[in-house]
Amino acid sequence: MADTTEANERLVCAILAEQVSTLRDRMDASAAFDLLWRTTALLSWLSGLLGDLSRHSASTNPVLERERAEAIAEVAEIRGELDRLAFSQAQRQDFARQIADCVVTALERMAVAEMPAGTSFSSGDLAALYVSDDQRKLHDAVVQRMGC
Amino acid sequence: MPVILVLDDSATMVMSLSHILKGAGYEVETGMNGREGINKLGEGIKPSVILTDLNMPELDGIGFIKEARKIASTRFTPIIVLTTESGGRKRDEARAAGASGWLTKPAEPNQLLAVVKQLCPAK
């Protein structure tokens with residue numbers, strides 16, 4: 001009976017490891033980031049084009065000139081915001097991927113451990129897989145909450 | 001144009017860092033782990049600054065720094081560690097290996113550029 005329970009637990013761990021692994025692989029947002037960067041590159045090009053058009057224009061309309069300057073300033077601000085957004089999202093995604101890596105590794109080890117059920121993997125073993133302080137803080141909070 | 005070598009096992013981070021650095025006037029070489037970084041140096045690339053993650057497969061950031069410090073051309077090249085690790089132990093380990101500085105993720109593009117420009121102004 002105990003052997004069956006243990007085998008079942010290992011099976012569940014193996015399935016969960018595979019599912020989290022699939023989820024991690026689906027986190028790839030390269031296409032979205034690529035589009036963001038192409039947009040910022042386009043904005044940069046348009047901004048330069050506006051400047052060039054103004055320099056080569058015979059007209060010296062002050063209203064057009066003011067609007068051009070305002071458009072260039074707005075484009076620069078949006079470009080900066082997009083850069084910040086892309087960078088922050090990339091880091092966030094990287095962090096999520098690292099957490100998923102950690103969960104997959106833990107579940108894979110639990111799926112193959114040749115030890116009695118419930119003793120194959122400790123919270124200390126899990127903590128050894130962490131790659132950031134955020135993970136350690138979360139770990140400590142759970143350990144404290146569980147009164148361990 | 002100054003060359004920055006970027007090492008990170010996350011393709012998105014590599015693309016993101018490259019975009020920011022290229023936009024600021026730097027040439028960027030990239031690698032997905034420390035081994036690829038060492039191979040790039042072996043190919044004769046002479047970076048002005050190296051940005052590296054710590055947790056990477058094959059050869060991690062600490063291992064890379066140790067090996068890079070053995071290569072004459074990068075013995076004194078500034079190496080900035082860019083990682084989610086902010087713990088003192090890891091920081092000490094990286095410093096002992098030869099890291100010049102540390103930037104904890106999440107970082108802002110301006111923070112990153114300020115550090116890089118201080119070490120190597122874009123031309």
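Residues numbered from 1 in each chain as written. Chains lettered and ligands numbered in written order. Predicted model: local features only at pLDDT ≥ 70, side-chain atom pairs only at ≥ 80, totals over all residues. Heavy atoms only, no water.

**Quick notes on the overall build of chain B**
This is how it is decided: For the purposes of this entry, the term helix denotes a DSSP run of H or I that reaches at least four residues, the term strand denotes a run of E that reaches at least two, and both are numbered from the N terminus. Taken over C-alpha atoms, the radius of gyration is set against a globule rule of 2.2 Å times the number of residues to the power 0.38. For every residue, the accessible area (1.4 Å probe, protein chains only) is compared with the maximum for its type, and the residue is labelled buried under 20%, exposed over 50%, or partly exposed between those bounds. Using a 1.4 Å probe, the Shrake-Rupley method yields the accessible areas, and only the shown protein chains count as cover for residues.
Across its full length, chain B holds five helices and five strands. Along the chain direction, N to C, the helices and strands of chain B fall in the order β-α-β-α-β-α-β-α-β-α. Taken over C-alpha atoms, the radius of gyration comes to 13 Å for chain B, in line with the 14 Å a tight globule of 123 residues would show. By principal-axis analysis of the C-alpha atoms, chain B measures approximately 35 × 30 × 25 Å. Here chain B holds 123 residues, and 58% of them are scored as buried. Accessible area for chain B stands at about 5300 Å²; split by element, carbon and sulfur atoms hold 51% of it.

**Let's talk about the packing of aromatic side chains**
All names here are of chain A. In plain terms, the rule: Here is the rule: rings of Phe, Tyr and Trp (six-membered ring for Trp) pair when centre to centre is within 6.5 Å. Planes less than 30 degrees apart are stacked, more than 60 are edge-to-face, and the remainder are tilted.
On inspection of all chains with the given rule, the structure shows one aromatic pair over all chains. Here Phe33 and Trp37 contribute two aromatic rings whose centre-to-centre distance is 5.7 Å and whose plane-to-plane angle is 25°, an arrangement assigned as stacked. Note that Phe33 and Trp37 are positioned in helix H2 (residues 30–55) at a spacing of four residues, about one turn of the helix.

**A short note on the interface of chain B and chain A**
Applicable threshold: The contact definition used throughout considers only heavy atoms, calling two residues in contact when any of these lie within 4.5 Å. Each of two parts loses accessible area, computed with a 1.4 Å probe, when they are put together; buried area is these two losses added. Only one rule defines a salt bridge in this text: a Lys or Arg side-chain nitrogen within 4 Å of an Asp or Glu carboxyl oxygen. Gly counts as polar in this scheme, as do all residues outside two lists: the nonpolar Ala, Val, Leu, Ile, Met, Phe, Trp, Tyr, Cys and Pro, and the charged Asp, Glu, Lys and Arg.
Taken together, the contacts link 23 residues of chain B with 21 residues of chain A. Between chain B and chain A, the buried area comes to about 1900 Å², and carbon and sulfur atoms account for 54% of it. Scanning the region where chain B abuts chain A turns up two salt bridges. A salt bridge links B:Lys105 to A:Asp94; the nearest nitrogen and oxygen atoms lie 2.9 Å apart. Residue assignment for the side of chain B that touches chain A shows that the elements contributing at least two residues are helix H1 (11–23) and helix H5 (109–119) of chain B. Looking at the side of chain B that touches chain A element by element, the count peaks at seven residues for H1(B). Residues of the side of chain B that touches chain A, tallied by class, amount to eight nonpolar, nine polar and six charged.

**Examining the UniProt feature "modified residue: 4-aspartylphosphate" (unreviewed entry) in chain B**
Convention followed: UniProt positions are given in the numbering used here, feature names are shortened, and annotations may be inferred rather than shown by experiment.
With numbering aligned to this structure, UniProt lists the feature "modified residue: 4-aspartylphosphate" (unreviewed entry) at B:Asp53. Following the sequence through the fold, B:Asp53 ends up in the loop between strand S3 (49–52) and helix H3 (61–68). When near neighbours in sequence (up to four residues on either side) are disregarded, B:Asp53 contacts A:Gln98, B:Leu7, B:Asp8, B:Asp9, B:Gly61, B:Leu82, B:Thr83 and B:Lys105.

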